[in-house]
Amino acid sequence: MNTTTPFSLRLSWAQGLFERGDHVAAATALADLVDEVESSRTAEAADEGVLHSVTDLRLMLARAYFQSAQLGRAEATLNEVIEQSPTDSYAHLLLGRTLQRAGRHAEAARPLALAEILGDYERPEAYGTTATGPTALADTAEPV
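Okay, so let's go over this structure. What you see is a predicted model; the values in this text were computed from it and never measured. Chains are numbered independently. Their residues run from 1 in the order of the written sequence. Per-residue local features are limited, in this predicted model, to residues with pLDDT of at least 70; the limit for side-chain atom pairs, both in listing and counting, is 80 or more; totals at the level of whole chains, interfaces and linings are taken over all residues. Heavy atoms from the whole structure form the basis of all side-chain values; hydrogens and water molecules are not counted.

### Looking at the overall build of the chain
Thought 1: Strands are runs of DSSP state E lasting at least two residues, helices are runs of H or I lasting at least four, and both sets are numbered from the N terminus onward. When its secondary structure is counted, the chain shows seven helices and zero strands.
Thought 2: The linear arrangement of helices and strands in the chain, starting from the amino end, is α-α-α-α-α-α-α.
Thought 3: Each residue's exposure class comes from its accessible area (1.4 Å probe, protein chains only) as a fraction of the maximum for that residue type: buried when under 20%, exposed when over 50%, partly exposed otherwise. For the chain, buried positions account for 37% of its 144 residues.
Thought 4: Residue exposure ignores everything except the shown protein chains as possible cover, and the areas themselves are Shrake-Rupley values with a 1.4 Å probe. Just so you have it, the chain exposes about 8700 Å², and 53% of that area is on carbon and sulfur atoms.

### Digging into the side chain of arginine 10
Thought 1: Within the secondary structure, arginine 10 sits in helix α1 (residues 7–19).
Thought 2: Given a relative accessible area of 10%, arginine 10 falls into the buried group.
Thought 3: Whenever two N or O atoms come within 3.5 Å, that pair is a polar contact, provided that in protein one can donate a hydrogen and the other can accept it, and provided that, for residues adjacent in sequence, both atoms are side-chain atoms. Reaching out from arginine 10, the side chain makes a polar contact with the side chain of glutamate 36 at a distance of 2.7 Å.

### Some points on α1
One turn of an α-helix holds 3.6 residues; hence residues three or four places apart share an orientation.
Thought 1: One less than the number of residues in a helix, times 1.5 Å, gives the span that helix is expected to have. Taking 1.5 Å of rise per residue, 13 residues should cover 18 Å, and α1 covers 18 Å from first to last C-alpha, within 8% of that figure.
Thought 2: For α1, every residue scored as buried is listed here: Arg10, Leu11, Ala14, Gly16, Leu17 and Phe18.
Thought 3: Among the residues trailing α1, glycine 21 stands out with phi positive, at a value near 95°.

### Considering the environment of threonine 28
Thought 1: As for its position among the elements, threonine 28 is in helix α2 (residues 23–40).
Thought 2: The exposure class of threonine 28 is partly exposed, given its relative accessible area of 47%.
Thought 3: Taking the C-alpha atoms as reference, threonine 28 lies 8.6 Å from leucine 61; in sequence the two are 33 residues apart.

### So, the environment of glutamine 100
Thought 1: Position of glutamine 100 relative to the elements: it lies in helix α5 (residues 89–101).
Thought 2: Note: C-alpha distance between glutamine 100 and leucine 112 (twelve residues apart in sequence) is 9.8 Å.

### Examining unusual backbone geometry
Thought 1: Notably, alanine 69 is not glycine yet its phi reads approximately 60°, a positive angle.
Thought 2: Looking at where alanine 69 falls in the secondary structure, it is placed in the loop between α3 (48–67) and α4 (71–84).

### Observations regarding the nonpolar core
Thought 1: Note on terminology: a nonpolar core comprises buried Ala, Val, Leu, Ile, Met, Phe, Trp, Tyr and Cys residues joined through side-chain atoms within 4.5 Å. Core analysis: the largest hydrophobic core is formed by 34 residues, its most contacted members being Leu30, Leu57, Leu61, Ala64, Tyr65, Leu78 and Ala91.
Thought 2: When residues of this core are traced back to their parent elements, those giving at least two are α1, α2, α3, α4, α5 and α6 (105–119).
Thought 3: In terms of residues, this core owes the most to one element, α3, which gives nine residues.
Thought 4: If we skip the residues at most four places from it in the chain, tyrosine 65 touches Ala27, Ala31, Gln70, Arg73, Ala74 and Thr77. Here a residue-residue contact requires only that any non-hydrogen atoms of the pair lie within 4.5 Å.

What follows is the structure, given as structure tokens:
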């Protein structure tokens, strides 16, 4: 862990790695940042602002894990994000996509449904959602 370089520079570097497509290196850098923030947190510093930034870092870390096919790590990180922020629709969506990518389609149904409800994300039809359910009927019905 490199603590001599300011946190913001290391975060920018990790984001740059992610944007350039080096997801494995980005995941390593982001994991170090998350560990550093977690280890430096104290009981009095655990206010909402710090919690939010840790959640954002974890979400970015989960994205890096997902993109680099580290699906077990992505799932574990997303479960932590959802525990801290249960209404984060994007976290539910990414968890569902992670489970789908791991071939666990039945388990993916719940987080994908939550993402759809919480964040107006649509479940992809390619993964077992059909347009014949009650939602499809409501979409085709005339407005009242």
